[in-house]
Amino acid sequence: MKLFVNGEAQTFETPLSVADLLNHLGLARTKIAVEHNLEIVAKSAYDTHELGEGDRVEIVHFIGGG
């Protein structure tokens, strides 16, 4: 399955949920936001929100500072 993650094409062997993608990328669920095909995905839906062939995913990291 081909996905575009932050504008970069990536290929995965099996279908993924948002949670699967984050795990594959080694990203913790905290301090990030995920957009799937221009819609924000609620953190509570990461486990069940399925991604499909050619989908676009944007992952934004929040960074604190002063």
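Residues numbered from 1 in each chain as written. Predicted model: local features only at pLDDT ≥ 70, side-chain atom pairs only at ≥ 80, totals over all residues. Heavy atoms only, no water.

This paragraph deals with the sheet that holds strand E5 (residues 56-61). Strand order in the open sheet formed by five strands is E2-E1-E5-E3-E4, and the pairing between neighbours is mixed. Edge positions in the sheet fall to strand E2 (8-11) and strand E4 (39-41), since each has one partner strand and no second. Looking at each pair of strands side by side, their axes are set apart by 35° on average, direction ignored. By the bridge criterion, three bridges tie strand E3 (residues 32-36) to E4 in an arrangement that is antiparallel. Counterpart to Val 34 in the pairing with E4 is Val 41. Taken strand by strand, helix H1 (residues 18-25) contacts strand E1 (2-5), E2, E3, E4 and E5, and its axis lies near 60° from that of E5. (Pairing = 2+ DSSP bridges. Helix = DSSP H or I, 4+ residues; strand = E, 2+ residues; numbered from the N terminus. Axes fitted to C-alpha atoms, helices over the stretch in contact; angles between N-to-C directions. Contact = heavy atoms within 4.5 Å.)

One finds Leu 21, Val 34, Tyr 46 and Ile 59 to be the most contacted residues of the largest nonpolar core, which totals 16 residues. Counting residues per element, the ones that place at least two in this core are E1, H1, E3 and E5. Among the elements that line this core, the one with the most residues is H1, at four residues. When sequence neighbours within four positions are dropped, the list of residues in contact with Tyr 46 reads Ser 17, Val 18, Ala 19, Leu 22, Arg 29, Ile 32, Ala 33, Val 34 and Val 41. (Core = buried A, V, L, I, M, F, W, Y, C linked by side-chain atoms within 4.5 Å. Buried < 20%, exposed > 50% of the residue type's maximum accessible area, 1.4 Å probe, protein only.)

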